[in-house]
Amino acid sequence: VKRDLVAGETHVLQFGLNAGELLEALVEQQGVDVAVTLVDPEGVAALEVDTKSDPTRVERMPWAGRASGTHSISLRAAPNRPSGSYRIVLDPPRPATSGDGKRVSAQRDYEQAVRLGRGLGEGQGTPQGRPEALRRLESALGAFRSEGDRRGEGEALEEIAGLHALVNRQAQALSSAEQALAIYR
């Protein structure tokens, strides 16, 4: 699905998902910064993804259903930012494996780490939050590696490089950035 999205606007897509099934969604941001929220059948926001403030990057959302029923994905354009379009790709649901559970958990660690490290939330992005952000990123990196998730591995390394650069650890930043680049090639 590809649609235009105006600053501050929200689109909602609904889909069926059974407990124990995995859904993987990729949201390609095309000139607009999109926050993606998955809402479970009970109406609870189960997962929010908004790590890519670059409006040309891809937001990833793997989700293992906890309850059967109609789920929804809310796509919200950042207010006071340029309008644009997005393309969302939903892989067909399939039974989740134990490895999928690790990837979902790693993605959650990654999302939380980015919020802590970059300040994508109230009171976050402080020097005190950076060690926890680095710990979560390294945890996510290990899980992505063990599950062969190269995209996740590259993204985690890229964020680790950014955190090291932020605290003036240039050698570690360069090493992590070079590893990420090797994956992206």
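Residues numbered from 1 in each chain as written. Predicted model: local features only at pLDDT ≥ 70, side-chain atom pairs only at ≥ 80, totals over all residues. Heavy atoms only, no water.

A.B. asks: Help me understand the overall build of the protein, please; the structure alone is not making it clear to me.
C.D. replies: Along the backbone of the protein there are four helices and nine strands. In the protein, the succession of α and β elements from N to C terminus is β-β-β-β-β-β-β-β-β-α-α-α-α. Counting only C-alpha atoms, the protein reaches 50 × 40 × 35 Å along its principal axes. Across the 185 residues in the protein, those meeting the buried criterion constitute 44%. When contacts within the protein are restricted to residue pairs at least 6 apart in sequence, those whose partners lie at least 24 apart make up 74%. Working note: accessible area of the protein is about 9,100 Å², and carbon and sulfur atoms make up 50% of it. Of the side-chain charges in the protein, 23 are positive and 26 negative, and the distance between the mean point of each set is 3 Å. (Helix = DSSP H or I, 4+ residues; strand = E, 2+ residues; numbered from the N terminus. Buried < 20%, exposed > 50% of the residue type's maximum accessible area, 1.4 Å probe, protein only. Contact = heavy atoms within 4.5 Å. Areas by Shrake-Rupley, 256 points an atom, 1.4 Å probe, with all protein chains shown as cover. Lys, Arg positive; Asp, Glu negative; His and termini not counted. Charge placed at Lys NZ, Arg CZ, Asp CG, Glu CD.)

A.B. asks: Help me understand the environment of Pro-131, please; the structure alone is not making it clear to me.
C.D. replies: Relative to the helices and strands, Pro-131 resides in helix α2 (residues 130-146). Counting along the chain gives 119 residues from Pro-131 to Val-12, while the straight-line C-alpha distance between them is 36 Å.

A.B. asks: Would you explain the packing of α2 against helix α3 (residues 150-166) in this entry?
C.D. replies: When two helices pack together, their arrangement is given by the angle between their axes and by how far apart the axes lie. Packing of α2 against α3 leaves a shortest axis separation of 9 Å and a crossing angle of 155°. As judged from the angle between their axes, α2 and α3 are roughly antiparallel. As for how α2 packs across α3, the hand of that crossing is left-handed. Seen from α2, the contacting residues are Arg-130, Ala-133, Leu-134, Leu-137, Glu-138, Leu-141, Phe-144 and Arg-145; seen from α3, they are Gly-152, Glu-153, Ala-156, Leu-157, Glu-159, Ile-160, Leu-163, His-164 and Leu-166. Grouping the amino acids of the contact of α2 with α3 by side-chain chemistry returns 10 nonpolar, two polar and five charged. (Axes fitted to C-alpha atoms, helices over the stretch in contact; angles between N-to-C directions. Parallel < 35°, antiparallel > 145°, perpendicular 65-115°, else oblique. Left-handed = near helix turned anticlockwise from the far one by under 90°. Nonpolar A, V, L, I, M, F, W, Y, C, P; charged D, E, K, R; others polar.)

A.B. asks: Sorry if this is basic, but what is going on with the environment of Ala-113 here?
C.D. replies: Within the secondary structure layout, Ala-113 lies in helix α1 (residues 98-118). The spatial distance from the C-alpha of Ala-113 to the C-alpha of Ser-68 is 29 Å, given a sequence separation of 45 residues.

A.B. asks: How should the side chain of Thr-37 be read in this particular structure?
C.D. replies: Note that Thr-37 resides in strand β4 (residues 34-39). With relative accessibility at 8%, the residue Thr-37 sits in the buried group. In this structure Thr-37 touches Ala-45, Leu-47, Glu-48, Met-61, Ser-72, Ile-73, Ser-74 and Arg-76, once residues within four positions along its chain are discounted.

A.B. asks: How should I be thinking about the side chain of His-164 in this particular structure?
C.D. replies: Note that His-164 resides in helix α3. Take His-164: its relative accessible area is 8%, and that puts it in the buried class. The residues touching His-164, leaving out its near neighbours within four places in the chain, are Leu-134, Arg-169, Gln-172, Ala-173 and Ser-176.

A.B. asks: Just checking my understanding: could you explain the sheet that holds strand β7 (residues 69-77) for this structure?
C.D. replies: Strand-to-strand pairing in sheets goes through backbone hydrogen bonds, with the strands running parallel or antiparallel. Spatially, the four strands line up as an open sheet ordered β2-β7-β4-β5, and their pairing is antiparallel. Every other strand in the sheet has two partners, leaving β2 (10-17) and β5 (45-49) as the edge strands with one partner each. Adjacent strand axes in the sheet meet at a mean angle of 20° when their direction is disregarded. (Pairing = 2+ DSSP bridges.)

A.B. asks: What am I meant to see in the pattern of salt bridges here?
C.D. replies: Pairing between side chains becomes possible if they bear opposite charge and their charged atoms approach one another. What the rule picks out here adds up to 15 salt bridges. In this structure, the salt-bridge partner of Arg-94 is Asp-100, at a minimum N-O distance of 2.7 Å. Between Glu-132 and Arg-136 there is a salt bridge, with the nearest N and O atoms lying 2.9 Å from each other. Note that Glu-132 and Arg-136 are positioned in helix α2 at a spacing of four residues, about one turn of the helix. Overall, Glu-132 belongs to the partly exposed group, its relative accessible area being 28%. When salt bridges that share partners are traced, they join Glu-24, Arg-60, Arg-94, Asp-100, Arg-103, Asp-149 and Glu-155 into one network. (Salt bridge = Lys/Arg side-chain N within 4 Å of Asp/Glu carboxyl O.)

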